[in-house]
Amino acid sequence: MFVATVQHEEIPLAGGDVTGGVVRVGDTVRRPCRSSTRSVHALLRHLEAAGFDGAPRVVGVDGRGREILSYVDGVSAPRPLPAYAVTDGSLAALAVLVRRFHDAAMGFVPPPRAIWEAGSNDDAGPELIGHCDINLDNVIFRDGLPAALIDFDMARPTTRLFDVVTALRHWAPIADPVDLEPLQSSLEVGPRLRVFCDAYGLAARDRRGLLDLARLRFDRSYHAMRTRAVTIGGGWARMWENGAGARIRRACAWLETNQDELHAHLI
Ligand SMILES: Nc1ncnc2c1ncn2[C@@H]1O[C@H](COP(=O)(O)OP(=O)(O)O)[C@@H](O)[C@H]1O
Ligand SMILES: [Mg+2]
């Protein structure tokens, strides 16, 4: 019997800053493997078993040594950012998505000798494997709302609060006004911190420490990114040359100036 095999073409997926060679092939995405891929796959398999539907599924590794993940239907936010990406509704939906991810990740036991990407972190002991890179490019929207997290390359042991801080840095956003996208300029950051924390259900103790941890994170991320730019190069070096370090410094200074006013919205 003749069986038709569908030869899918490889469609480059732009949008991320770092990983070269991300392509869509039919219903799958192919990405280069890295030393942490085996551990990340264990996490993604755990999320699937736990019933969390907001992450790609692991399909395997292809003949060219690339990881195969399911293609997540939806859209990622293009630039300039569209209106749906900056609404309070999107922010609240993201918080619910991150909360569901965290609750599902709590039961994950990493495989023996798990390898995770190094990066900046909290001083508090790790509670779970967090995503650690919840920026606007790593979220898939459906019907104008965040529906899934992608790109778990930076996942590593951390705290819930550290992931929350990373999400808010990009999504509130905690940034100097000179670095904002046009549609972000009119956002009220203080009230948006609260929208996220309420939708996530963040504990009072964590709300009290959130902005101090954000400042610590800025400082550590600056050094971590500079190290990556020098030691890894590639997309990291490009981001650094494009002013990523200066943007972190400006964001931290802006936060310091506005911290008391922002904090008032969290208590
Ligand atoms: N599993 C997936 N489903 C749908 N789109 C994806 C998936 N993985 C990646 N993409 C698309 O490809 C882009 C770049 O991929 P990403 O894994 O985020 O690479 P990078 O490490 O460079 O950030 C994403 O912003 C998204 O648009
Ligand atoms: Mg990405």
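Higher on the page you've got the structure.
Figured I'd write up the structure that's included with this text. (Residues numbered from 1 in each chain as written. Chains lettered and ligands numbered in written order. Predicted model: local features only at pLDDT ≥ 70, side-chain atom pairs only at ≥ 80, totals over all residues. Heavy atoms only, no water.)

### A short note on the site of ligand 1
Then, number 1: In the vicinity of ligand 1 lie 20 residues, with Thr19, Arg31, Val72, Ser76 and Asp151 positioned nearest.
Then, number 2: Take Thr19: an N or O atom from its side chain is 2.5 Å from an oxygen atom of ligand 1.
Then, number 3: Contact distances for ligand 1 include 2.9 Å between an oxygen atom and a side-chain N or O atom of Arg31.
Then, number 4: Protein chains bury 95% of the 550 Å² of accessible surface belonging to ligand 1 in isolation.
Then, number 5: Taken together, the residues that form the shell around ligand 1 break down as 10 nonpolar, 6 polar and 4 charged.
Then, number 6: Split by domain, the residues of the shell around ligand 1 number at least three in each of domain 1 (10-70) and domain 2 (83-264). (Near = heavy atom within 4 Å. Polar contact = N/O pair within 3.5 Å; in protein donor to acceptor, adjacent residues only side chain to side chain. Areas by Shrake-Rupley, 256 points an atom, 1.4 Å probe, with all protein chains shown as cover. Nonpolar A, V, L, I, M, F, W, Y, C, P; charged D, E, K, R; others polar. Domains from an automatic or database assignment.)

### With respect to the pattern of salt bridges
Then, number 1: Considering all chains together, one arrives at 23 salt bridges under this definition.
Then, number 2: We note a salt bridge from Asp137 to Arg79, for which the minimum N-O separation is 3.3 Å. Of this pair, Asp137 sits in the loop between β6 (128-130) and β7 (139-142) while Arg79 is found in the loop between β5 (66-70) and α2 (88-105), placing the two residues 58 residues apart along the sequence.
Then, number 3: For Asp137, a relative accessible area of 18% puts it in the buried group.
Then, number 4: The closest approach of N and O atoms between Asp123 and Arg220, which form a salt bridge, is 2.9 Å. (Salt bridge = Lys/Arg side-chain N within 4 Å of Asp/Glu carboxyl O. Helix = DSSP H or I, 4+ residues; strand = E, 2+ residues; numbered from the N terminus. Buried < 20%, exposed > 50% of the residue type's maximum accessible area, 1.4 Å probe, protein only.)

### What to know about helix α5 (residues 204-231)
Then, number 1: In this model, α5 (28 residues) spans 39 Å end to end at C-alpha, consistent with the 40 Å of a helix rising 1.5 Å per residue.
Then, number 2: The largest bend in α5 comes to about 45°, at Leu210.
Then, number 3: Within two residues after α5, Gly233 carries a phi angle of roughly 70°, on the positive side. (Expected span 1.5 Å × (residues − 1). Bend = angle between axes of the 7 residues up to and from the residue.)

### Here's the deal with the coordination of the magnesium ion (ligand 2)
Then, number 1: Each protein donor to the magnesium ion (ligand 2) is listed here as Asn138 (OD1) and Asp151 (OD); together their distances run 2.1 to 2.2 Å. Pair noted here: Asn138 is in the loop between β6 and β7 and Asp151 is in the loop between β8 (145-149) and β9 (156-158), with a separation of 13 residues, a long-range link.
Then, number 2: Judged by its relative accessible area of 4%, Asn138 falls in the buried class. (Donors = N, O, S within 2.8 Å, 3.2 Å for Na, K, Ca; no water.)

### Quick word on unusual backbone geometry
Then, number 1: Of note, the amide linkage connecting Arg79 to Pro80 takes the cis form, showing an omega dihedral of -5°.
Then, number 2: Residues Ala172 and Pro173 are joined by a peptide bond in cis, for which omega reads -15°.
Then, number 3: Of note in the backbone geometry, Asp143 takes a positive phi value of approximately 50° without being a glycine.
Then, number 4: Mapped onto the secondary structure, Asp143 falls in the loop between β7 and β8.
Then, number 5: By relative accessible area, Asp143 is classed as exposed at 82%.

### Describing the sheet that holds β5
Then, number 1: As summarised here, the arrangement of the 5 strands in space is β1-β2-β3-β5-β4, forming an open sheet in which the pairing is antiparallel. Two strands in the sheet have a free side with no partner beyond their single neighbour: β1 (10-12) and β4 (58-61). On average, each strand axis in the sheet is tilted by 30° relative to the strand beside it, whichever way the strands run.
Then, number 2: Sheet analysis places β1 next to strand β2 (residues 23-25), joined by 3 bridges and oriented antiparallel. Across the sheet, the residue bridging to Ile11 is Arg24, located in β2. (Pairing = 2+ DSSP bridges. Axes fitted to C-alpha atoms, helices over the stretch in contact; angles between N-to-C directions.)

### Re the pairing of β8
Then, number 1: Counted residue by residue, β8 has 4 buried out of 5 residues, so it is predominantly covered.
Then, number 2: As judged from the 4 bridges shared by β7 and β8, these two strands associate in the antiparallel manner. Residue pairing across strands places Arg142 opposite Leu145, the latter belonging to β8.

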